[in-house]
There are 2 protein chains.
Amino acid sequence: MATVKALLFDVFGTLVDWYGSIQERAESIAAREGLALDGARLALLWRQRYAPSMANVTSGKRPWCDLDQLHRESLDHVLTELAVDLPSPARAELVAGWHELRPWPDVVANLPRLRAQRITAALSNGHVRLLVDLKRHAGLDFDTILSAELARSYKPEAVVYQTATRLLGLEPDQVMLVACHAWDLAGAAHAGLRTAYVARPAEWGPGTVAAPVSADMHARDLGDLADQFDALDRSARSTASG
Amino acid sequence: MATVKALLFDVFGTLVDWYGSIQERAESIAAREGLALDGARLALLWRQRYAPSMANVTSGKRPWCDLDQLHRESLDHVLTELAVDLPSPARAELVAGWHELRPWPDVVANLPRLRAQRITAALSNGHVRLLVDLKRHAGLDFDTILSAELARSYKPEAVVYQTATRLLGLEPDQVMLVACHAWDLAGAAHAGLRTAYVARPAEWGPGTVAAPVSADMHARDLGDLADQFDALDRSARSTASG
């Protein structure tokens, strides 16, 4: 693992708390509009439509479009399901909420440590503009932003990991995906990348249980991951000089 | 100009000193190899082949390839011209020098000021990996790296500016190219972007004279540009509240 040259970070769930951020924003918008809305339920139902909405694109059933559009369509379905009649501008505000999610508490302090150790980049299904906004809002520190948009596809399609690897001028086994989702790590492994699992037990809110995930490295959070790279690099240096 | 939402920075010449950096590296490599070499002459001859080498790609005479390859081919020509028989690994080291150029003295302190004012990105003919290395080496602070590579073309082709604008989800007149080269600013203006000229009188070494350049804004350096945006934004705020 010491030979890994670049770390690619999944973003939604891995670096930022979509559940808590969307819940809060939804309840604040609903209150302003004088509507009753369970923000946590909305966040969960909305996110459940995420993978199927992208599968419609990657299967070729519809041409590529960005997450703002997929999020808006999914939100309209969920609000119908919940029988909440939110006006269109308020729906747009909710969709924009995915550009302004808050980072998990270990993220802002440890991304610069990891960037000092390796090349770092986002690799998210969010489009470039969404990720630029999120990086600015949440104070995320990467060398650059890579996105599924650059492959006009969505993870876990191999072309997304391959495009990022090519743009970094590296071989797949020199690149590691850092993520909290088994499906994303499996997609990266299938494309020949290394993988690091970061546990985010609160991603789907309280009371959910995480299944064991297969990956090359396992970390409690980004601080733990940076510690593990410190130890790997110290050991590689002492082997080289020994 | 206050309505500009994103600044795209040209890199070679505008943010980093290729002339001085390449001169120094060439002379240090030549000395180590026991060869006589005029580093300044090499830097100038090498850079003169830059535009023609990219024109071979944008004209369709050859398929897209990255700057490492174009730089290597141009270097081989220049060394033949100078009758300097540099070994191949030393040539590769020189080509890698374009990943490690030093920033002009005003750059590192003022990019964060500009990033606080607007979305910022590199937009260079350097490929993504070269720019990642350069950003890390020179301490350049952008929100993200955009590159002509993402359009598989080279500036001043309109598709390069258009691709960057699309990835930022903006209209052309919301985007400003910041550059020290008339040809780059003209290409951006042709694609509908706003333009800011930054003077780099020492780009081609001592004794060169800069011609007047047409652009929406003119700045002595990045500090001056950030001051001008401060003034524009103050004035826009006072108009809005007045």
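Rules and cut-offs
- Residues numbered from 1 in each chain as written.
- Chains lettered and ligands numbered in written order.
- Predicted model: local features only at pLDDT ≥ 70, side-chain atom pairs only at ≥ 80, totals over all residues.
- Heavy atoms only, no water.
- Core = buried A, V, L, I, M, F, W, Y, C linked by side-chain atoms within 4.5 Å.
- Buried < 20%, exposed > 50% of the residue type's maximum accessible area, 1.4 Å probe, protein only.
- Contact = heavy atoms within 4.5 Å.
- Helix = DSSP H or I, 4+ residues; strand = E, 2+ residues; numbered from the N terminus.
- Arc of directions from axis to C-beta.
- Buried area = accessible area lost by both parts, 1.4 Å probe.
- Salt bridge = Lys/Arg side-chain N within 4 Å of Asp/Glu carboxyl O.
- Polar contact = N/O pair within 3.5 Å; in protein donor to acceptor, adjacent residues only side chain to side chain.
- Domains from an automatic or database assignment.
- Nonpolar A, V, L, I, M, F, W, Y, C, P; charged D, E, K, R; others polar.

Enquirer: What am I meant to see in the nonpolar core here?
Expert: Buried together is how nonpolar side chains tend to be arranged in soluble globular proteins. A:L42 and B:L42 are the most contacted members of the largest nonpolar core, which totals 172 residues. In contact with B:L42, other than residues within four places in its own chain, are B:I22, B:A26, B:L37, B:L75, B:V78, B:L79, B:L82 and B:L94.

Enquirer: Looking at this model, I keep getting lost on helix α3 (residues 50-58) of chain A. Mind explaining?
Expert: Helical geometry: 3.6 residues make up each α-helical turn, so side chains three or four residues apart lie on a common side. Residues and elements named next belong to chain A. For α3, the complete set of buried residues consists of Y50, S53, M54 and V57. End-on, the buried residues of α3 take up no more than an arc of 95 degrees, which puts them together on one face. Looking at the packing, one finds that the buried side of α3 touches α2 (39-48) and α4 (67-81). Downstream of α3 by a residue or two, G60 has a phi angle that is positive, lying close to 85 degrees.

Enquirer: Just to check I follow, could you spell out the interface of chain A and chain B for this structure?
Expert: Quite often, the size of an interface is put as the accessible area lost when its parts meet. Every contact between the two is made by 23 residues of chain A and, on the other side, 23 residues of chain B. Of the roughly 1900 Å² buried where chain A meets chain B, counting both sides, 50% is carbon and sulfur surface. Among the residues of chain A in contact with chain B, A:R129, A:R136 and A:L167 are the three that bury the most area, contributing 32% of the side total. At the boundary of chain A with chain B, the tally comes to two salt bridges.

Enquirer: What exactly am I supposed to notice about the side chain of B:S74 here?
Expert: Residues and elements named next belong to chain B. Among the secondary structure elements, S74 is positioned in helix α4 (residues 67-81). Looking at S74, the relative accessible area reads 7%, which means it is buried. When sequence neighbours within four positions are dropped, the list of residues in contact with S74 reads W46, R49 and S53.

Enquirer: How should the side chain of B:Q117 be read in this particular structure?
Expert: Residues and elements named next belong to chain B. Its location among the elements puts Q117 in helix α6 (residues 107-117). When its relative accessible area of 16% is taken as the criterion, Q117 is described as buried. Reaching out from Q117, the side chain makes a polar contact with the backbone oxygen of A226 at a distance of 3.0 Å. When neighbours within four sequence positions are excluded, Q117 is seen to be in contact with A226, F229 and D230.

Enquirer: Explain the domain arrangement of chain A here, please?
Expert: All names here are of chain A. Structurally, chain A comprises domain 1 (6-16 + 102-241) and domain 2 (18-99). Look at where the C-alpha atoms of domain 1 and domain 2 centre, and you get two points 25 Å apart. Contacts between domain 1 and domain 2 engage 23 residues on the former and 20 residues on the latter. Across the interface of domain 1 and domain 2, roughly 2000 Å² is buried in total on both sides, 61% from carbon and sulfur atoms. On the domain 1 side of the interface with domain 2, the three residues burying the most area are R102, Y154 and W204, jointly 36% of the side's total. Linking domain 1 to domain 2 there are one salt bridge. The salt bridge partner of E24 is R102, with a shortest N-O separation of 2.9 Å. Here domain 1 and domain 2 share ten residue pairs in polar contact (both at pLDDT 80 or more) between them. With five residues, helix α7 (residues 128-138) is the single largest residue contributor to the side of domain 1 that touches domain 2. Considered class by class, the residues forming the side of domain 1 that touches domain 2 number seven nonpolar, eight polar and eight charged.

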